[in-house]
Amino acid sequence: MKTPPDKKIAFYFVSQEVSPVEDRWSARVHFPPGAGAETVLPIEVLDGNEEPVADAVLEVFGQRLKVSAGAASTTYADFIAGVRSIPVWMHRKGKKPVPGGLTFG
C-alpha cells in the first residue's frame, strides 16, 4: 500500500475536552507523497494551548509512541498493522490518561 505520489495526507486526532485546558491534546500524523511501508510518518503532538507536548506516550495504532518536544513517529507498515486498533490515549507522568479519537481538521 502506498499514498498517492502527488498528495500529502494527514490524520488528525484530538482528546476529549478535559480540564485544565493544557491536559487536552491533538496529534497530526503526516503521510508524505508516495509513502510506502518503510516510510517514517512524523506525528506532531500539541497540548490544549497548542504548545508542543514535552514528554508523554501517545497510544495509537496499537502502539505506545514516545512523545518528546511535540514529536513522535511511526512507520507506515506499523500504522497499517495497527490501523484497526481502537484505543487512542495520551499518557503523561503525574496526570490521568486522556482519551481521544480521530476527527476532521
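Residues numbered from 1 in each chain as written. Predicted model: local features only at pLDDT ≥ 70, side-chain atom pairs only at ≥ 80, totals over all residues. Heavy atoms only, no water.

### Let's talk about the side chain of Thr74
Basically, it comes down to this: Where helices and strands are cited, they refer to DSSP runs of H or I of at least four residues and of E of at least two residues respectively, numbered from the N terminus. Each residue's exposure class comes from its accessible area (1.4 Å probe, protein chains only) as a fraction of the maximum for that residue type: buried when under 20%, exposed when over 50%, partly exposed otherwise. In protein, a polar contact means a hydrogen-donor-capable atom and an acceptor-capable atom, both N or O and within 3.5 Å, with residues adjacent in sequence counting only if both atoms are side-chain atoms; elsewhere, any N or O pair within 3.5 Å suffices. When checking whether two residues touch, look at their non-hydrogen atoms; a contact exists if any pair is within 4.5 Å.
Tracing the chain through its elements places Thr74 in strand 6 (residues 71-75). The exposure class of Thr74 is buried, given its relative accessible area of 5%. A polar side-chain atom of Thr74 sits 2.9 Å from a polar atom in the side chain of Gln63. Beyond its immediate stretch of four places on either side in the chain, Thr74 contacts Thr39, Val40, Leu41, Ile43, Phe61, Gln63, Leu65 and Phe79.

### Remarks on the pattern of salt bridges
Note the threshold: Salt bridges, as used here, are contacts in which a Lys or Arg side-chain nitrogen is within 4 Å of a carboxyl oxygen on Asp or Glu.
All told, the structure shown has three salt bridges when counted by the stated rule. Lys66 is paired through a salt bridge with Asp55; the nearest N and O atoms lie 2.1 Å apart. In this pair, Lys66 sits in strand 5 (residues 63-68) while Asp55 sits in strand 4 (residues 55-60), placing the two residues eleven residues apart along the sequence. Classification of Asp55 by relative accessible area gives partly exposed; the value is 44%.

### Let's talk about the packing of aromatic side chains
Where we set the bar: Two aromatic rings, drawn from Phe, Tyr or Trp (for Trp, its six-membered ring), form a pair once their centres lie within 6.5 Å of each other, and the interplanar angle then sorts them: stacked below 30 degrees, edge-to-face above 60, tilted otherwise. Here, a charge over a ring means that NZ of Lys or CZ of Arg falls within 6 Å of the ring centre while also lying within 35 degrees of the ring normal.
A full pass over the atoms with the stated rule returns seven aromatic pairs. With centroids separated by 5.0 Å and ring planes inclined at 75°, the aromatic side chains of Phe31 and Phe79 adopt a geometry described as edge-to-face. On the criterion of sequence distance, the pair formed by Phe31 in strand 2 (residues 25-31) and Phe79 in helix 1 (residues 76-82) is long-range, its members being 48 residues apart. Overall, the relative accessible area of 5% leaves Phe79 in the buried class. Linked through ring pairs, Phe11, Phe13, Phe31, Phe61, Tyr76 and Phe79 together constitute an aromatic cluster. Over the face of the ring belonging to Tyr12 we find Arg28, whose NZ or CZ atom lies 4.1 Å from the ring centre.

### Regarding the pairing of strand 5
Heads up, the condition is: Should DSSP find at least two bridges between two strands, the strands are taken to pair.
The two faces of strand 5 differ: Gln63, Leu65 and Val67 on one face are buried, but Arg64, Lys66 and Ser68 on the other face are not. Pairing of strand 4 with strand 5, which is carried by six bridges, proceeds in the antiparallel orientation. Within strand 5, the residue paired with Asp55 across the bridge is Ser68. Between strand 4 and strand 5, which pair antiparallel and follow one another directly, the connecting turn spans two residues, one of which, Phe61, has a positive phi of 60°.

### Here we look at the environment of Phe11
Along the chain, the position of Phe11 falls in strand 1 (residues 9-15). In this structure Phe11 comes out as partly exposed when scored by relative accessible area, which is 27%. Sequence separation between Phe11 and Arg28 is 17 residues; the distance between their C-alpha atoms is 5.6 Å. With residues near it in sequence (within four places) discarded, Phe11 still touches Ala27, Arg28, Val29, Phe31, Phe79 and Leu102.

### Notes on the nonpolar core
Note the following rule: Definition used in this section: a nonpolar core is a set of buried Ala, Val, Leu, Ile, Met, Phe, Trp, Tyr and Cys residues joined via side-chain atoms within 4.5 Å.
The biggest cluster of nonpolar side chains holds 22 residues, and the ones touching the most others in it are Phe13, Trp25, Ile43, Val45 and Leu58. Contributions of two or more residues to this core are made by strand 2, strand 3 (40-47), strand 4, strand 5 and helix 1. Looking at which element gives the most residues to this core, the answer is strand 2, with four residues.

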